[in-house]
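Survey of secondary and tertiary structure
If you want the building blocks of each chain, they are given just below.
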Amino acid sequence: MRAIVGFLFLATSFTSPCASLAHPVVGEVIQDFAPIGAYAGHWGIDYGVAVGTPVAAAAPGRVTFAGSVADMQSVTVDHGGGLRTSYSYLSAISVSTGDWVSTGSLLGTSGLHHGVAALHFSVRLEGVYQDPAVWLRCAGSIPDALWLAPA
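1. A closer look at the overall build of the protein
- For the protein, the count of helices and strands is 1 helix and 14 strands.
- Evaluated residue by residue, the protein yields a buried proportion of 36% over its 151 residues.
- In the protein, once contacts between residues fewer than 6 apart in sequence are set aside, the share between residues at least 24 apart is 60%.

2. Quick notes on the packing of aromatic side chains
- Applying the stated criterion across every chain yields a total of 3 aromatic pairs.
- Centre to centre, the rings of Phe33 and Trp43 are 6.5 Å apart; their planes meet at 90°, and the pair counts as edge-to-face. With Phe33 in the loop between strand S3 (28–31) and strand S4 (34–36) and Trp43 in the loop between strand S5 (40–42) and strand S6 (45–48), this residue pair connects regions lying 10 residues apart in the sequence.
- One aromatic cluster is present, built from ring pairs that chain together Phe33, Trp43 and Tyr129.

3. Notes on the confidence of the model for the protein
- For the protein, per-residue confidence averages 82 on the pLDDT scale, and 75% of positions sit at 70 or higher.
- The low-confidence segment residues 141–151, where pLDDT is below 50, has 6 contacts with residues more than four positions distant or belonging to other chains.

Conventions and cut-offs
Going along each chain's sequence as written, the residues are numbered from 1 onward. Side-chain atom pairs in this predicted model are given and counted only at pLDDT of 80 or more, local residue features only at pLDDT of at least 70, and totals for whole chains, interfaces and linings cover all residues. Side-chain numbers come from the whole structure's heavy atoms, not from hydrogens or water. Here a strand is any run of E in DSSP of at least two residues, a helix any run of H or I of at least four, and the numbering for each starts at the N terminus. Relative accessibility decides the category of a residue: with a 1.4 Å probe and only protein chains considered, values under 20% of the type maximum give buried, values over 50% give exposed, and everything between is partly exposed. We call two residues in contact whenever any of their non-hydrogen atoms come within 4.5 Å of each other. When two rings of Phe, Tyr or Trp (its six-membered ring) have centres within 6.5 Å they constitute a pair, described as stacked for plane angles under 30 degrees, edge-to-face for angles over 60, and tilted for the intermediate range. Per-residue confidence from the predictor is reported as pLDDT, which spans 0 to 100.

Shown next, in the form of structure tokens:
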């Protein structure tokens, strides 16, 4: 591995979803990853958390976006190696584009989406959305014994 401008890059892109991502908030997942087609479905997971809950960076990286998308405040962090995480439905943003953040750094606070208090968390690898639950599992946040094998 080599460090370049504060990023931790691998010689090639990530080949498995094990980048030790931490949960951005402590809360129950109220909507799972469920993409449908090119644009429909749900391209991340939603945590049910109270409005104003602090939202933390899932891993170190550079903030590449901090602003509004479709009337929702969002932050995107580039972790290097083609890996990016995004945090949406924010009520406030605490970082600016270009800022370096560490795991656990405050990005902002959670807000509302269609009247529901929540945080939307998404993971992209080389621009392709991934199931965040798989990436979070690699960090050991859920014991392997509690995961069920797919049918």
